[in-house]
Amino acid sequence: MSAASCLLTEDQFLCSICLDVFTDPVTIPCGHNFCKTCITQHWSVNVPHKCPNCQEVFNTRPELKVNTFISEMAAQFRQSAQQKASSSSSEQQVSKPGQVPCDDCTGTKLKALKSCLVCLASYCETHLEPHLTKSGLKKHQLIDPVENLEDRMCTKHDKLLELFCKTDQMCVCMLCTVSDHKTHDVVPLKEEYEGKKAELGKTDAEIQQMIQKRRLKIQEMKRSVELSEKDADREIAAGVQVFTALKESVERSQAELIDTIKEKQRETEKQAEGFIKELEQEISELKKRSSEVEQLSQSEDHLHLLQSFPSLNPATPTKDWTGVSVRPPSYEGTVVRAVNQLEETLSKQMKKVELKRVQQYAVDVTLDPDTAHPELILSDDGKQVKHGNVKKNLPNNPERFNYHIRVLGKQSFSSGRFYYEVQVKEKTDWALGVARESINRKGEINLRPQNGYWTICLWNKNEYYACTGPSVRLSLKCQPEKVGVFVDYEEGLVSFYDVDAAALIYSFTGCCFTQKLYPLLNPCNNHGVKNSAPLIISPVNHTE
């Protein structure tokens, strides 16, 4: 044990509340250690019960038992420290600058251990011996070594300052009490000392408490910085993903735009080349005929011209080129279509990023059978619920819904963010979201924020509503098969997502939450078999 304790530092044996070596150390569930008295007093004034170091909250106050191992280690350390201090104090040390020297030493002055207020002198261990052994000197008042003992004498009466005038707030001697301070409130120095020491102790306790609060604030800020760093890294990664996709989409759209324009240009060139080739062929035929005509027209033999004229090659058929032309292709709308496609790609990517951001707060939700309406059927694992048509004979406890086909989750949330997903596939009617703890579960209560519900619902197979009171009709491009529910407690936000389409369905904003929130599922009436499919709490598959 001794060897082991030598390897440990003093900080490891200090309670972070009182900043002293552990007394009756206890270990709380999060693993941190405190003096039993310190943590008990801390929890008596701080509710809810949470660790002063890591701030973990305990719903029920942990039972405190002394950790015998740490207690033995602390005792061993305390004993070792005391022995070390005792050993150190027994060694004779030469007085150094700033230390009080012994007044009786000749030659080399040793460090004084005590000063005598009667003798007005300071003594090392050797010269202090008479004050500890001789009966006459034992009554002298010894204090920790101080310099300038003459300052402890009354300058007016040359007597020891052993009283305190509370009226004038100054130290006085016995003779002062019968002259200048005759009618004043005078007490012994020790009495005032004890009072002031108590005040200092209280002040120090307040200072230590302030120090502890600031240490906790530092830890809180460091944790905030760590969380901020993680959030920053996550957002950077998401941003890089978005801009990479955008860059690739831009490059792809640019390449497609260039190819489209070049293809139109190639078609124009090919058309022009065909026309030019045809025109050049006609020109060649016309030149040949022109040569024959010119040759015959130069003949002065009347008979020869007349006899040869009928045999002149007939004119080659030619095309009427009046209405033929090569028109430059139109590129109108090409760039606009490319940009629109780019915007659509970016929009889809941003939706995926947003859904991925909230999915990181996924929690494990199971349904609470004690809250379920008697006609509901819950799966054994608490992940599925459907309407069973038959009303079961169950206790009508305060938590149970007795009118509406509803059930709450077992888990509650009173801070931070949380997210869960529910499969609504093949349902024609349903409602889901969150509800506050104090909702009225008996009788007909509408789903609306005023009554403690933040939900969306499907009625009549294709009518979606946000239950805002009055409800708001939602226009959705497609029917969601899986709905995600996200809550930011401090922000006062409840959002619903179509998970497969990575699209936001609706958000309640500006909510003021002051109570615990519970997941809420309402599979609605079966209507025969049309709505018999269950609502299923699904594991979250993070969007890529």
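Only a predicted model underlies this, so the values are computations on that prediction, with no experimental measurement involved.

A separate point is the overall build of the protein chain. Of the regular secondary structure elements, the protein chain holds eight helices and 23 strands. Over its C-alpha trace the protein chain gives a radius of gyration of 48 Å, far above what one expects of a compact globule, namely 24 Å for 544 residues. For the protein chain, with 544 residues in total, the buried portion stands at 32%. Here the contacts in the protein chain between residues at least 6 apart in sequence split such that 57% fall between residues at least 24 apart. Carbon and sulfur atoms form 52% of the exposed surface of the protein chain, whose accessible area is close to 34,200 Å². Side-chain charges of the protein chain comprise 68 positive and 74 negative groups, with the mean position of each set lying 6 Å from the other.

What the three strands build is an open sheet, ordered E9-E8-E10; its pairing is antiparallel. In this open sheet, the two edge strands, each paired with only one partner strand, are strand E9 (170-172) and strand E10 (186-188). Here the average twist between neighbouring strands, direction ignored, is 35°. Against the sheet, helix H6 (residues 189-297) engages strand E8 (163-165), E9 and E10, with an angle of about 85° to E10.

A cis amide bond, omega 0°, links Gly-469 with the succeeding residue Pro-470. Position of Pro-470 relative to the elements: it lies in the loop between strand E17 (463-466) and strand E18 (472-474). Despite not being glycine, Asp-24 shows a phi value in the positive range, around 50°. With respect to the secondary-structure elements, Asp-24 resides in the loop between helix H1 (2-6) and strand E1 (25-27). Residue class for Asp-24 comes out partly exposed when judged on its relative accessible area of 41%.

Structurally, the position occupied by Leu-160 is in the loop between strand E7 (142-143) and E8. You can call Leu-160 partly exposed: its relative accessible area is 21%. Beyond its immediate chain neighbours, meaning those up to four positions away, Leu-160 contacts Leu-117, Leu-120, Arg-152, Met-153, Val-172 and Cys-173.

For an α-helix, 3.6 residues make a turn, and residues three or four places apart therefore share a direction. Its 26 residues place the ends of helix H8 (residues 334-359) 38 Å apart at the C-alpha level, agreeing with the 38 Å of an ideal helix rising 1.5 Å per residue. Within H8, burial applies to Thr-334, Ala-338, Leu-342, Gln-349, Val-353, Leu-355, Val-358 and Gln-359. Close packing links the buried residues of H8 with H6, strand E14 (417-423), strand E19 (482-488) and strand E20 (493-498).

Applying the stated rule across the entire model yields 10 salt bridges. A salt bridge links Lys-319 to Glu-278; its shortest N-O distance comes to 3.8 Å. Highlighted residues: Lys-319 in the loop between helix H7 (302-308) and H8 and Glu-278 in helix H6, separated in sequence by 41 residues. Look at Lys-319 and you get partly exposed, because its relative accessible area is 35%.

One open sheet accounts for six strands, arranged E13-E22-E15-E16-E17-E18; its pairing is antiparallel. If you trace the sheet from one side to the other, it starts and ends with strand E13 (407-408) and E18, each paired once.

Here Glu-437 lies in the loop between strand E15 (430-436) and strand E16 (453-459). When the C-alpha positions of Glu-437 and Glu-399 are compared, they lie 9.5 Å apart, and in sequence the two are 38 residues distant. Other than its neighbours up to four places away in sequence, Glu-437 contacts Gln-515, Lys-516 and Tyr-518.

Another aspect to go through is the side chain of Glu-282. Relative to the helices and strands, Glu-282 resides in helix H6. Although buried, Glu-282 forms no salt bridge, and the nearest oppositely charged side chain, Lys-319, lies 7.0 Å from it. For Glu-282, the side chain forms a polar contact with the side chain of Trp-321, separated by 3.1 Å.

So, on to the layout of surface pockets. Reported here for the largest pocket is a volume of approximately 870 Å³. Lining the largest pocket are 24 residues, and of these Gln-55, Val-57, Ser-415, Gly-416 and Glu-490 lie nearest its centre. Mapped by element, the contributors of at least two residues to the lining of the largest pocket are strand E3 (49-50), strand E4 (57-58) and H6. Element by element, the count of residues in the lining of the largest pocket is highest for H6, at four residues. Here the lining of the largest pocket is composed, by residue class, of eight nonpolar, eight polar and eight charged.

Right, let's talk about the pairing of E15 for a bit. Looking along a regular strand, one sees side chains alternate from face to face of the sheet. Of all seven residues that make up E15, six are buried, and the element is covered over most of its length. Alignment of E15 against E16, held across six bridges, turns out to be antiparallel. Residue pairing for E16: Ala-431 is matched across the bridge by Cys-457.

Quick look at the confidence of the model for the protein chain now. For any part of a model where pLDDT is low, the fine detail of the predicted coordinates should not be relied upon. With 95% of its residues at a pLDDT of 70 or more, the protein chain shows a mean pLDDT of 87. Ignoring residues within four places in sequence, the model shows residues 1-6, a span with pLDDT below 50, making five contacts including any to other chains.

Turning our attention to the packing of aromatic side chains. Enumeration over the complete set of coordinates arrives at 10 aromatic pairs. Each ring, one from Phe-496 and one from Phe-508, has its centre 6.2 Å from the other, and the planes form 70°; the classification is edge-to-face. Of this pair, Phe-496 sits in strand E20 while Phe-508 is found in strand E21 (residues 503-508), placing the two residues 12 residues apart along the sequence. Exposure remark for Phe-496: the relative accessible area of 0% places this residue in the buried category. Take Phe-508: its relative accessible area is 5%, and that puts it in the buried class.

Bringing the packing of H6 against H8 into the picture now. Close contact between H6 and H8 brings their axes to 10 Å; oriented N to C, the two are set at 160°. Accordingly, the angle class assigned to the pair H6 and H8 is roughly antiparallel. In terms of crossing hand, the pair formed by H6 and H8 is right-handed. Partitioning the contact of H6 with H8 into residue classes produces 12 nonpolar, eight polar and five charged.

Calculation rules
- Residues numbered from 1 in each chain as written.
- Predicted model: local features only at pLDDT ≥ 70, side-chain atom pairs only at ≥ 80, totals over all residues.
- Heavy atoms only, no water.
- Helix = DSSP H or I, 4+ residues; strand = E, 2+ residues; numbered from the N terminus.
- Rg over C-alpha atoms; globule rule 2.2 N^0.38 Å.
- Buried < 20%, exposed > 50% of the residue type's maximum accessible area, 1.4 Å probe, protein only.
- Contact = heavy atoms within 4.5 Å.
- Areas by Shrake-Rupley, 256 points an atom, 1.4 Å probe, with all protein chains shown as cover.
- Lys, Arg positive; Asp, Glu negative; His and termini not counted.
- Charge placed at Lys NZ, Arg CZ, Asp CG, Glu CD.
- Pairing = 2+ DSSP bridges.
- Axes fitted to C-alpha atoms, helices over the stretch in contact; angles between N-to-C directions.
- Expected span 1.5 Å × (residues − 1).
- Salt bridge = Lys/Arg side-chain N within 4 Å of Asp/Glu carboxyl O.
- Polar contact = N/O pair within 3.5 Å; in protein donor to acceptor, adjacent residues only side chain to side chain.
- 1 Å grid on protein atoms, 1.4 Å probe; cavity = no way out; pocket = protein on both sides within 12 Å on 5 of 7 lines; lining within 4 Å.
- Points joined across faces, edges and corners; volume = space filled by probe spheres on them.
- Nonpolar A, V, L, I, M, F, W, Y, C, P; charged D, E, K, R; others polar.
- pLDDT = per-residue confidence, 0-100.
- Phe/Tyr/Trp six-rings, centres within 6.5 Å; stacked < 30°, edge-to-face > 60°.
- Parallel < 35°, antiparallel > 145°, perpendicular 65-115°, else oblique.
- Left-handed = near helix turned anticlockwise from the far one by under 90°.

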